[in-house]
Amino acid sequence: MWTRGYRPMKFSELFCPTLREMPSEAETVSHQLLLRAGYIRKAGAGIYSYLPLAQRVLKKIEAIVREEMDRAGGQELLMPIIQPRELWEQSGRWDVYGDEMFRLLDRHQRYFALGPTHEEIITSLVNGDVHSYRDLPLLLYQIQNKYRDEIRPRFGLMRGREFIMKDLYSFDMDEAGLDVSYLKMYTAYNRIFQRLKLQYRVVEADSGAIGGNESHEFMVLADTGEDAIVFCEREDFASNVEKAACVYRDEGPHEDMREMQKIHTPGMRTIKDLVDFTGEPEQRHVKTLMYFADGQLVAVILRGDRELNEIKLKNVLGCNQLFMADDDSVRSACGAGFGSLGPVGMDIKIYADQEIAGLRNFTCGANEDDYHYINVNPGRDFLPEDYVDIRNAVEGDLCPVCGHPLKAARGIEVGHIFKLGTKYSQAMNATVLDKNGQSVHIVMGCYGIGISRTMAAAVEQNHDENGIIWPIPITPFQVIIIPINVKKQEQMEAALSLYNELQELGLEVLLDDRDERAGVKFKDADLIGIPLRIVIGPKALQENQVEMKKRWENEIYNIAIDQVAGTIMNILKEG
RNA sequence: CGGGGCGUGGCGCAGUUUGGGAGCGCGUCUGAUUUGGGAUCAGAAGGCCGCAGGUUCAAAUCCUGUCGCCCCGACCA
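What you are looking at is a predicted structure, and each value in this text was computed from that prediction instead of being measured. (Residues numbered from 1 in each chain as written. Chains lettered and ligands numbered in written order. Predicted model: local features only at pLDDT ≥ 70, side-chain atom pairs only at ≥ 80, totals over all residues. Heavy atoms only, no water.)

The next thing to look at is the domain arrangement of chain A. When the parts of a complex come together, some accessible area is lost, and that lost area is often taken as the interface size. Under the domain assignment, chain A is made up of domain 1 (64-244 + 409-460), domain 2 (261-386) and domain 3 (477-574). When each unit is reduced to the centre of its C-alpha atoms, the spacing between domain 2 and domain 3 is 65 Å. (Domains from an automatic or database assignment.)

In structure tokens:
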């Protein structure tokens, strides 16, 4: 149920510098509370020290992760943080990874990377010592610091430049083997997040730069999450909006096409300007975006109320590099600037979102500054290269499986699993001999859990105005005992005796033996988030009773001292 | 990298516009009175005003440069 082996603790000896005031640098709840409650301190942008309370939480999360990785057949190892450049050149990622990789020079002017991930090193490791199909499958993992020079570290532990991650890599003979390994991890991840008592959802995800074809993300649900997801309440479908296919259904019958007209629209550059000007809703406008795809200019058109999904666009175009065109390039190619662009008469390849096909009599730019067309119709007034799915999914879109309207939510990505296939084994020539003595590339998968991020996500999801409310499986202490007045001998004696009794039962107990006013101790107990609080005060003590309070409830119960241990054990068992 | 903001005792901030005393609240230390939701009184310690250069009789304040941090956008566990 919980992990033993941590010494109980007296608050007077604990290094837990709580802050009365909110640190000004923190914006997000988890960042604020972890700082205020004395869990973390910043050493630099995106770089933190974990204080004793945080270390306890991290160790608990790690313990659960380890148990489930081992249960699924994983073997723990530890790989270096400092990795030679040559390995990264073999996989081609020395260049591809770009500025996000920390690089350093040794005294001989040789380059090294601070590992942002460990595919290269583990592939090379396995390649050196695994030669036969008899050695597979192999599941290897570690819990290690990772280094990514994030463009913008933020939200405390949520997006650090140094963070703790569990990463497991699977090695199989073939795709069928990979499917088995992937399923093992999928199952293990579900067990982990259930055991952590976090509300989460598994969503389909884009596999991004790491490569591969199938991928799921494990999202802890929180309004402050950086990712948007959509899910279906009826069917087994949930997806990151980056990935979610948008179902398009032609609603027909369509209104009659009217005659296209050019109108004067001085100074109007945004959809909102046009909505105000024409009185037509956003859905009856079309916006035009210009991109460079591997150096070639393309136009993209979407309904006015939609957001372009660059990942989808990149996949549709099959390009490596995609970025928005600058104003000068657009002007010289189209004869007008952003805000006045449109598909009519444009001799650049146009990719239209699939919804555009069903629009009638919409408004768009005329490729002439301060002019727009109204009553534009696809097919009649312009022909796109193709109609494609390139917008972000939103709430209310139809489920691709059952057609039911989708719900939207926000989430914190705490786990991500990928089927890599042979991307790295080919690049680094990692092979084994199969039963026929034939050399085949190893089929790989990789599976990450952000350990430090999970701690932050847990706080994000479990707190109130007074502080953190730890889920029992990861709380730094299960019980805090507060004698109201440590100078009253009978209170301290009762407290100490209870403290000893509970710790002998294997519980993690924090005894607040500080000579502080009761209010201070209550405030700190709430702030640092201990689930169960035992208060030893003069009134109840005369009756041989103490007060018990659950951090997530308001009620206070009086309990006979000799029943405290049993009551606590029951509550903890229920989790 | 672009846009916005901030660097002044441990924390939160005022002071900068208009140059001339380094201040306030919290915390810390000592003593007393207190003791059930962040006590009160008395006393004390603690600051290269991010750093460098410049202007000036005089710079936290004006100028130049530089470093760091936070927030908004593209990356990801």
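Evaluated as defined, the whole model comprises eleven aromatic pairs. Each ring, one from Y182 and one from Y447, has its centre 6.2 Å from the other, and the planes form 55°; the classification is tilted. Highlighted residues: Y182 in helix α6 (residues 175-195) and Y447 in strand β25 (residues 443-450), separated in sequence by 265 residues. Owing to a relative accessible area of 4%, Y182 belongs among the buried residues under this scheme. R103 extends its terminal NZ or CZ atom over the ring of W94, reaching a point 4.5 Å from the ring centre. (Phe/Tyr/Trp six-rings, centres within 6.5 Å; stacked < 30°, edge-to-face > 60°. Helix = DSSP H or I, 4+ residues; strand = E, 2+ residues; numbered from the N terminus. Buried < 20%, exposed > 50% of the residue type's maximum accessible area, 1.4 Å probe, protein only. Lys NZ or Arg CZ within 6 Å of the ring centre and 35° of its normal.)

All chains considered together, the criterion is met by zero disulfides. The thiol of C402 is not disulfide-bonded; the next cysteine sulfur, from C232, is found 3.6 Å away. (Disulfide = S-S within 2.5 Å.)

Here the focus is the protein's contact with RNA strand B. Neighbouring RNA strand B are 48 residues; R20, I151, R152, D526 and E547 lie closest to it. When atoms of RNA strand B within 4 Å of the protein are split into backbone and base, the sugar-phosphate part holds 46%. A distance of 3.1 Å separates a sugar or linking oxygen of RNA strand B from a polar backbone atom of G450. Within the contact set of RNA strand B, a base oxygen lies 2.6 Å away from a side-chain nitrogen or oxygen of R533. Elements with a contribution of two residues or more to the surface near RNA strand B: β2 (40-44), β9 (162-172), β22 (407-421), α13 (518-528) and β30 (532-536). Residue contributions to the surface near RNA strand B peak at eight residues, all from α13. Per-class residue counts for the surface near RNA strand B are 19 nonpolar, eight polar and 21 charged. (Near = heavy atom within 4 Å. Polar contact = N/O pair within 3.5 Å; in protein donor to acceptor, adjacent residues only side chain to side chain. Nonpolar A, V, L, I, M, F, W, Y, C, P; charged D, E, K, R; others polar.)

Moving on to helix α15 (residues 564-574). Listed in full, the buried residues belonging to α15 are V564, A565, I568, M569, I571 and L572. For α15, the angular spread of the buried residues around the axis is 165°, confining them to a single face. For α15, exposure combined with an orientation more than 90 degrees from the buried face picks out K573 and E574. Those residues of α15 hidden inside the fold are in contact with β28 (479-483), α12 (489-504), β30, β31 (545-550) and β32 (556-560). (Arc of directions from axis to C-beta. Contact = heavy atoms within 4.5 Å.)

Now for the sheet that holds strand β18 (residues 350-353). Pairing within the open sheet is mixed, and its five strands lie in the order β17-β15-β16-β18-β21. Strands at the two margins of the open sheet, each flanked by one partner only, are β17 (322-324) and β21 (386-388). Pairs of neighbouring strands in the sheet enclose a mean axial angle of 35°, with direction left out of account. Pairing between strand β16 (residues 296-303) and β18: three bridges, direction parallel. (Pairing = 2+ DSSP bridges. Axes fitted to C-alpha atoms, helices over the stretch in contact; angles between N-to-C directions.)

A few words now on the pattern of salt bridges. Under the criterion given, the structure shown has 39 salt bridges. Residue E150 pairs with R159 through a salt bridge whose shortest N-O separation is 3.3 Å. (Salt bridge = Lys/Arg side-chain N within 4 Å of Asp/Glu carboxyl O.)

To continue, consider the packing of helix α1 (residues 29-36) against helix α11 (residues 451-461). How two helices pack is summed up by the angle between their axes together with the distance between the axes. Viewed as axis vectors pointing N to C, α1 and α11 meet at an angle of 100°, and their least axial separation amounts to 8 Å. When the axes of α1 and α11 are compared, the pair comes out roughly perpendicular. Taken together, the residues of α11 that come into contact with α1 (itself represented by V29, S30, L33 and L34) are A456, V459 and E460. (Parallel < 35°, antiparallel > 145°, perpendicular 65-115°, else oblique.)

Now for the nonpolar core. One recurring pattern in soluble globular proteins: nonpolar side chains tend to sit buried together. By size, the foremost hydrophobic cluster in this structure holds 66 residues, and its most contacted members are L34, Y39, M69, Y189, F193, W470 and I528. With eight residues, helix α2 (residues 52-71) is the single largest residue contributor to this core. Taken together, domain 1 (64-244 + 409-460) and domain 3 (477-574) each give at least three residues to this core, which thus spans both. Aside from chain neighbours lying at most four places away, what touches I528 is F11, C16, T18, A37, Y39, L53, I468, W470 and L510. (Core = buried A, V, L, I, M, F, W, Y, C linked by side-chain atoms within 4.5 Å.)

A residue-level look at chain A finds 97% of positions with pLDDT of 70 or above and a mean pLDDT of 91. Note on residues 1-5: pLDDT under 50 across the span, and twelve contacts to partners over four residues away in sequence or across chains. (pLDDT = per-residue confidence, 0-100.)

Bringing the side chain of E62 into the picture now. Summarising the element assignment, E62 is placed in helix α2. Taking relative accessible area as the criterion, E62 reaches 6% and is therefore assigned buried. Not counting residues within four places of it along the chain, the set of residues in contact with E62 comprises I143, I164 and I451.

Trans peptide bonds make up most of the peptide bonds, and negative phi angles are found at most residues other than glycine. Residue P137 follows L136 across a cis peptide bond; omega there is 0°. In this structure, P137 sits in the loop between α5 (119-129) and β8 (138-147). In this model, N361 sits at a positive phi of 55°, which is unusual for a non-glycine residue. Examined against the element boundaries, N361 turns out to sit in the loop between β18 and β19 (362-365). Using a relative accessible area of 2% as the deciding quantity, one classes N361 as buried.

To continue, consider the sheet that holds strand β5 (residues 82-84). One open sheet accounts for three strands, arranged β5-β7-β6; its pairing is antiparallel. Of all the strands in the sheet, just β5 and β6 (103-105) have a single pairing partner and so form its edges. On average, each strand axis in the sheet is inclined to that of its neighbour by 40°, with strand direction left out of account. Sheet analysis places β5 next to strand β7 (residues 111-114), joined by three bridges and oriented antiparallel. Of the residues in β7, the one forming a bridge with P84 is F112.

Before going further, it helps to examine helix α8 (residues 310-317). Taking the backbone nitrogen of I311 as reference, a side-chain oxygen 2.9 Å away marks N309 as the first, capping residue of α8. Where α8 ends, the next residue or the one after it, G318, has phi of about 65°, a positive value.

Structurally, R93 can be placed in helix α4 (residues 93-96). A relative accessible area of 6% means that R93 is categorised as buried. In terms of polar contacts, R93 uses its side chain to reach the side chain of E119, at 2.8 Å. If we skip the residues at most four places from it in the chain, R93 touches W88, M101, T117, E119, E120 and Y424.

All right, on to the pairing of β16 then. Extensive coverage of β16 is indicated by the burial of seven of its eight residues. Pairing of strand β15 (residues 286-293) with β16 involves eight bridges; the strand directions are antiparallel. Across the sheet, T288 pairs through a bridge with I301, a residue of β16. The antiparallel pairing of β15 with β16 creates a hairpin that spans two residues between the two strands, and D294 there sits at a positive phi of about 45°.

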